[in-house]
2 protein chains.
Amino acid sequence: MRPLILLSNDDGYAAAGIRQLADMVTDMGDVLVVAPDGGRSGCSMSFTSSVPLSLRKISGGYGLPHTEVYACSGTPCDCIKMAMHEVLGGRRPDIVLAGINHGDNAAVNLHYSGTMAVAIEGTLKGVPSVAFSSRKIEAQADFSALRPTVRRIVQKVMSQGLPKGVCLNVNYPDAESFQGIRSCRMDMGDWVNELERRIDPRGRTYYWVTGSYESHNGHDPATDTWALDHGYIAITPIQIDMTAHDFQFEV
Amino acid sequence: MRPLILLSNDDGYAAAGIRQLADMVTDMGDVLVVAPDGGRSGCSMSFTSSVPLSLRKISGGYGLPHTEVYACSGTPCDCIKMAMHEVLGGRRPDIVLAGINHGDNAAVNLHYSGTMAVAIEGTLKGVPSVAFSSRKIEAQADFSALRPTVRRIVQKVMSQGLPKGVCLNVNYPDAESFQGIRSCRMDMGDWVNELERRIDPRGRTYYWVTGSYESHNGHDPATDTWALDHGYIAITPIQIDMTAHDFQFEV
């Protein structure tokens, strides 16, 4: 039986990134895409509890062999739950892939990321999972330079697995060729100027969430921020156990 | 100057849990509540990017001294950003508190939790942060049994701080008295039966996200699940660095 590759993202099933990711792996197994029906950037591990979900098969999919595409009205986490409980009817994927996200999810930003949520949800379900993101943010970005390394990473994870409770956060610089691949740790930093205040036509105040990221450790070559800033592909292994094992709080 | 205590939650500013938490700490400093204008359960670290936010001061607040209350149209993460960038105008809180959540956020469930998102967002901003949750889920739950330990934990964190990048996830069993307090690690487990399929009046299929949690390690007294199951208060230190430092992926 061909391996089963489950794909999702947070930019929606129609995004260029997930179409190109499907194309990169379609010869490696049966590909099932269950992705949001539109953009869900910044949705983190949210799931939908206040309204019900709908699921729709996209006729013709991406025009790729061995590939089925579904759009779900929910979040990336909802999509993985929908795939595992409903679409697959009990068959387990061999790997869960997220992305390719238009925009990186390095450093502390993984906490907000719907792309990483796909990989974390896959890991919670015991499936080896990899999230791919790129600093190319344009809607029609060409990710073809990523193809050889995406394929090598997927092949290696499918053949060797990942440690229990660990997934990969893979981030690419905005470039057409890369200096190499680095195994990284997530950078720490601050978001600053996160709110922009405006006045609406009726004189009422409203706010946009925005801001820019200021790295604390971006000068440290061990971080994913450094790798991206210097043209390297950053692979950061991420664990779902967030316990601070070195600290005990006594009260 | 009195310490500044920032509160938020994911059940909304009007929830019984956050009102009672404010009452428990109002004599310990100036209390600022910036909380969602309604329920946001399961929203994780999501922030709002597709629509702008509004902010509204609640006249009369909770009727407590030294306490101001604001409702924000966004998520718990948005509320902390709104408090830090807009309401406080640069003054930094001495502590960020989340909850009291109606429902526990132990084990892997912290990944989905808007309550924990408050504490993680506070930690990302360098402020010592504590999330409080209880297995009492009723909307009008009486959390008065939590008061002495909530106060001791808040006092200790305000006087001694927390390690950089670490916050506390405090969970209470559904009880009026407790066996004690345990420093725990987060339990691992699975959510099962996460989708309920229904047919709408027009014959179309829709789905509710639901399910139940099955612990992998709930028999292990080191876990938060064991502590709650045995009547203990579970304090789990949580770190925002999710790097799996013991693993390097070579490709």
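This structure is a prediction, so every number in the text was calculated from the model and none was measured. (Residues numbered from 1 in each chain as written. Chains lettered and ligands numbered in written order. Predicted model: local features only at pLDDT ≥ 70, side-chain atom pairs only at ≥ 80, totals over all residues. Heavy atoms only, no water.)

Residue and element names in this part refer to chain A. Relative to the helices and strands, Tyr 172 resides in strand 7 (residues 166-172). Note: C-alpha distance between Tyr 172 and Asp 104 (68 residues apart in sequence) is 7.2 Å. In contact with Tyr 172, other than residues within four places in its own chain, are Phe 132, Ser 133, Ser 134, Arg 135, Leu 146, Thr 149, Val 150, Ile 153, Phe 178, Leu 228 and Ile 233. At 3.5 Å, the side chain of Tyr 172 forms a polar contact with the backbone nitrogen of Val 150. (Helix = DSSP H or I, 4+ residues; strand = E, 2+ residues; numbered from the N terminus. Contact = heavy atoms within 4.5 Å. Polar contact = N/O pair within 3.5 Å; in protein donor to acceptor, adjacent residues only side chain to side chain.)

Quick look at the packing of aromatic side chains now. For any pair of aromatic rings, the description consists of the separation of the ring centres together with the inter-plane angle of the planes. For the structure shown, the criterion picks out 10 aromatic pairs over all chains. With centroids separated by 6.5 Å and ring planes inclined at 55°, the aromatic side chains of Phe 247 of chain A and Phe 249 of chain A adopt a geometry described as tilted. Above the ring of Phe 249 of chain B, the side-chain terminus of Lys 156 of chain A is found at 5.1 Å from the ring centroid. (Phe/Tyr/Trp six-rings, centres within 6.5 Å; stacked < 30°, edge-to-face > 60°. Lys NZ or Arg CZ within 6 Å of the ring centre and 35° of its normal.)

One chain copy maps onto the other through a rotation about an axis and a shift parallel to that axis. Superposing chain B onto chain A takes a rotation of 180° combined with a translation of 0.0 Å along the rotation axis, leaving an RMSD of 0.0 Å. Both copies are brought into coincidence by an operation consistent with a two-fold rotation axis. In this assembly, 100% of the residues forming the interface of chain B have copies in chain A that are likewise at the interface, indicating an isologous arrangement. (Least-squares fit on C-alpha atoms with pLDDT ≥ 70 in both.)

So, on to the interface of chain B and chain A. Counting residues at the interface gives 70 residues for chain B and 70 residues for chain A. Summed over both partners, the interface of chain B with chain A buries about 6,300 Å², with 65% contributed by carbon and sulfur atoms. For the chain B face of the interface with chain A, the top three residues by lost area are Tyr 207, Met 242 and Phe 249 of chain B, together amounting to 13%. Where chain B packs against chain A, one counts 6 salt bridges. The salt bridge partner of Glu 86 of chain B is Arg 197 of chain A, with a shortest N-O separation of 3.2 Å. Our count for the contact surface shared by chain B and chain A stands at 33 residue pairs in polar contact (both at pLDDT 80 or more). (Buried area = accessible area lost by both parts, 1.4 Å probe. Salt bridge = Lys/Arg side-chain N within 4 Å of Asp/Glu carboxyl O.)

Below, the discussion takes up unusual backbone geometry. Residue and element names in this part refer to chain A. Between Gly 99 and Ile 100 the backbone carries a cis peptide bond, its omega angle lying at -5°. With respect to the helices and strands, the residue Ile 100 is situated in strand 5 (residues 95-102). Here Ser 44, not a glycine, exhibits a phi torsion of approximately 50°, which is positive. Along the chain, Ser 44 turns up in the loop between strand 2 (30-36) and strand 3 (55-57).

A few words now on the confidence of the model for chain A. Here chain A shows a mean pLDDT of 96. Residues at 70 or above account for 100%. Scored by ipTM, the complex comes to 0.96, with pTM at 0.97. (pLDDT = per-residue confidence, 0-100.)

Residues and elements named next belong to chain B. Of all 11 residues in helix 3 (residues 114-124), 11 are buried; the element is thus mostly enclosed. Of all the positions in helix 3, only Gly 114, Thr 115, Met 116, Ala 117, Val 118, Ala 119, Ile 120, Glu 121, Gly 122, Thr 123 and Leu 124 are classed as buried. Capping the start of helix 3 is the job of one residue whose side-chain oxygen sits 3.1 Å from the backbone nitrogen of Thr 115: Ser 113. Positive phi appears at Gly 126, one or two residues downstream of helix 3, with a value of about 80°. (Buried < 20%, exposed > 50% of the residue type's maximum accessible area, 1.4 Å probe, protein only.)

The subject of this paragraph is the packing of helix 2 (residues 76-87) of chain B against helix 3 of chain B. Residue and element names in this part refer to chain B. Two elements in contact, helix 2 and helix 3, have axes separated by 8 Å at closest approach and are oriented at 35°. For the pair helix 2 and helix 3, the sense of crossing is right-handed. Of helix 3, the residues touching helix 2 (which contributes Pro 76, Cys 77, Ile 80 and Lys 81) are Gly 114, Ala 117, Val 118, Glu 121 and Gly 122. Split by residue class, the contact of helix 2 with helix 3 holds 5 nonpolar, 2 polar and 2 charged. (Axes fitted to C-alpha atoms, helices over the stretch in contact; angles between N-to-C directions. Left-handed = near helix turned anticlockwise from the far one by under 90°. Nonpolar A, V, L, I, M, F, W, Y, C, P; charged D, E, K, R; others polar.)

On to the side chain of Asp 187 of chain A, then. Residue and element names in this part refer to chain A. Its location among the elements puts Asp 187 in the loop between strand 8 (181-183) and strand 9 (189-192). We note that Asp 187 is buried and unpaired, the nearest opposite charge coming from Arg 185 at a distance of 5.7 Å. Here Asn 217 takes part through its backbone nitrogen, which lies 3.3 Å from a polar atom of the side chain of Asp 187. Discounting residues that sit within four places of it in the chain, Asp 187 has contacts with Ala 107, Val 108, Tyr 213, Ser 215, His 216, Asn 217, Gly 218, Thr 223, Asp 224 and Thr 225. (Lys, Arg positive; Asp, Glu negative; His and termini not counted.)

Another aspect to go through is the sheet that holds strand 7 of chain A. Residue and element names in this part refer to chain A. The 9 strands lie next to each other as 3-4-2-1-5-6-7-13-8, forming an open sheet whose pairing is mixed. Two strands lie at the open edges of the sheet, namely strand 3 and strand 8, each paired on one side alone. For this sheet, the mean inter-axis angle between neighbouring strands, taken without regard to orientation, is 20°. In terms of strand pairing, strand 7 meets strand 13 (residues 233-239) through 6 bridges, oriented antiparallel. (Pairing = 2+ DSSP bridges.)

All names here are of chain B. Looking at the secondary structure, you find Thr 115 in helix 3. You can call Thr 115 buried: its relative accessible area is 1%. Placed 11 residues apart in sequence, Thr 115 and Asp 104 show a C-alpha to C-alpha distance of 9.6 Å. Filtering out sequence-adjacent residues up to four positions away, Thr 115 remains in contact with Asp 10, Ala 98, Gly 99, Asn 101, Asn 105, Ala 131, Phe 132 and Ser 133.

Let's shift gears to helix 2 of chain B. Burial analysis of helix 2 of chain B places 9 of its 12 residues in the buried class, the great majority of the element. Within two residues after helix 2 of chain B, Gly 89 of chain B carries a phi angle of roughly 55°, on the positive side.

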